[in-house]
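A look at the structure
Spelled out, the chains give:
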Amino acid sequence: MTAGRDRYIDTIRAVAIVRVVLMHTLNIGWLTVVFPSMGIMFALAGSLMAASLDKSGLVTVGHRLRRLMPPYWVLGVVAVTVMLIHGWTAADATAPTDAKLLFWILPLNAPPASDWGGAFNGVLWYISTYLWFVLLSPVLLPLFRRLPVVMLAVPFLLVYVFISQSFGLNDEVTGSITDLCTYLACWLLGFALRDGMLHRVGWRVVLPIVVATAVVGAWLAWANQGGLDFDLTADAMANAYWSFAFVLLLLRWQPDMTWLARLPLLDRVISLFNARAVTIYLWHYPGMFFTSLLLAAVTVGEDTAGWAPLLVLGTLLWTGAAVLLLGWVEDFAARRRPRLIPAFGASRRVAA
């Protein structure tokens, strides 16, 4: 892959992160339709995972865990401490002595939080799903390379099965399995990107698939939620089809992005978002929560309709502070030299 195309991948990852933050702070469900960030992030991660497996084999699983866990553990230490100080007791829906607290060490499922501190684990389903994809990829990759069409079709069947049947499992387990199945096809598209499969398939094949899956996703979302103002994350089947269509189109397009070199500031901001993606994702949601608490404290009795700009500003400031104070943990986890503000040196990378 050329450096220009690599910058395309970096750019859509940065846009995906920005969209996640905006969607959460503004609570605009239709942003999931305009840009289905989670499917994109899983697809790009799948491509990197395939490249790493080809290079290092099973050792890659340990490498990925090493890069993910330290930033996650930092959040866990802060979150559990703050929740205990605030008064996390056995009276909450999940007690602080529950065995599920171990998920703050290894997130095989989203970790528990107090009734007050749900913002700390509100977006950690992604970390749990990503972890499972990493653990399963040594099996998924050879299966995909042997039966790519079958493997791309299976996730849609699995989503239907697990939203129709619980198989006696509790909601947390079935929810995690449904998340995994919803984005499995996107993860596999990442494998296809890595192997060059997407560019061996002509647009005359790709476009009908994109249109067909997008139409199915849109119809399901309309039928199940009604109207135009719907949130794809509330409908796993619609989300699976729409995300697949959008990701397939984006990854197959792959335009030349060398023009970014003529806009050095934008180029470096994109690099910054990529270098601190985990920190931004982990900390923006608590930032939104504490900003809303602050606004509630200083605007007692006032109309909250005008909060949106202040909420976005406060969340951005909080997230920026987290990047400055804790972003270096990502460098440490990747065995890079820790930097306060990365990516303001060389701004372009060559993909693996």
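For the structure itself, look to the data block above.
Since this is a predicted model, take the numbers as computed values, not measurements. (Residues numbered from 1 in each chain as written. Predicted model: local features only at pLDDT ≥ 70, side-chain atom pairs only at ≥ 80, totals over all residues. Heavy atoms only, no water.)

So, the packing of helix H5 (residues 125–146) against helix H7 (residues 171–195)
- Their axes nearest at 9 Å, the elements H5 and H7 cross at an angle of 50°. What the angle tells us is that H5 and H7 run oblique. Crossing handedness for the pair H5 and H7: right-handed. Across the interface between the two elements, Trp125, Thr129, Tyr130, Trp132, Phe133, Val134, Leu136, Ser137, Leu140, Leu141, Phe144 and Arg145 from H5 touch Asp179, Leu180, Tyr183, Leu184, Trp187, Leu188, Phe191, Ala192, Arg194 and Asp195 from H7.
- Grouping the constituent residues of the contact of H5 with H7 by class yields 16 nonpolar, two polar and four charged. (Axes fitted to C-alpha atoms, helices over the stretch in contact; angles between N-to-C directions. Helix = DSSP H or I, 4+ residues; strand = E, 2+ residues; numbered from the N terminus. Parallel < 35°, antiparallel > 145°, perpendicular 65-115°, else oblique. Left-handed = near helix turned anticlockwise from the far one by under 90°. Contact = heavy atoms within 4.5 Å. Nonpolar A, V, L, I, M, F, W, Y, C, P; charged D, E, K, R; others polar.)

Here we look at the environment of threonine 315
- Mapping threonine 315 onto the fold places it in helix H13 (residues 307–326).
- In the structure, threonine 315 is positioned 98 residues away from glycine 217 in sequence and 31 Å away in space, judged by C-alpha atoms.
- If we ignore the near neighbours within four places in the chain, the residues touching threonine 315 are Val21, Thr25, His284, Gly287, Met288 and Thr291.

Side note on the pattern of salt bridges
- Taken as a whole and judged by the stated rule, the model has nine salt bridges.
- In this structure, aspartate 267 and arginine 7 form a salt bridge, with 2.7 Å as the shortest nitrogen-oxygen distance. Taken together, the residues aspartate 267 in helix H11 (residues 264–275) and arginine 7 in helix H1 (residues 3–26) connect sequence positions 260 residues apart.
- Taking the relative accessible area as the measure of exposure, aspartate 267 reaches 2% and is therefore buried.
- Residue arginine 7 is classed as buried on the basis of its relative accessible area of 1%.
- Between aspartate 331 and arginine 276 there is a salt bridge, with its nearest N and O atoms 2.7 Å apart. (Salt bridge = Lys/Arg side-chain N within 4 Å of Asp/Glu carboxyl O. Buried < 20%, exposed > 50% of the residue type's maximum accessible area, 1.4 Å probe, protein only.)

A closer look at the nonpolar core
- Counting 86 residues, the largest nonpolar core has Ile40, Trp104, Trp187 and Leu251 as the members making the most contacts within it.
- When residues in this core are grouped by element, the largest group, 13 residues, is from helix H10 (residues 236–253).
- The contacts of tryptophan 104, once residues within four sequence positions are left out, are Tyr72, Trp73, Leu75, Gly76, Ala79, Val80, Met83, Pro111, Pro112, Phe120, Asn121 and Leu124.
- In terms of nonpolar packing, the next biggest core, distinct from the first, is built from five residues, Ile17, Val21, Ile280 and Val323 among them. (Core = buried A, V, L, I, M, F, W, Y, C linked by side-chain atoms within 4.5 Å.)

Points about the packing of helix H9 (residues 203–225) against H10
- Across the interface, H9 lies against H10 with an axial gap of 7 Å and an inter-helix angle of 155°. As far as their axial angle goes, H10 and H9 are roughly antiparallel. Here H9 and H10 pass one another in a crossing that is left-handed. Facing H9, whose interface residues are Trp203, Val206, Leu207, Ile209, Val210, Thr213, Ala214, Val216, Gly217, Ala218, Leu220 and Ala221, H10 presents Met237, Ala238, Tyr241, Trp242, Phe244, Ala245, Leu248, Leu249, Arg252 and Trp253.

Looking at the packing of aromatic side chains
- Under the defined criterion, the tally for this structure stands at 23 aromatic pairs.
- Each ring, one from tryptophan 125 and one from tyrosine 126, has its centre 6.3 Å from the other, and the planes form 90°; the classification is edge-to-face.
- The class of tyrosine 126 is buried, set by a relative accessible area of 10%.
- Members of the aromatic cluster, connected to one another through ring pairs, are Phe42, Trp125, Tyr126, Tyr130, Phe133, Phe144, Tyr183, Trp187, Phe191 and Tyr281. (Phe/Tyr/Trp six-rings, centres within 6.5 Å; stacked < 30°, edge-to-face > 60°.)

That is the geometry; function is a separate question.
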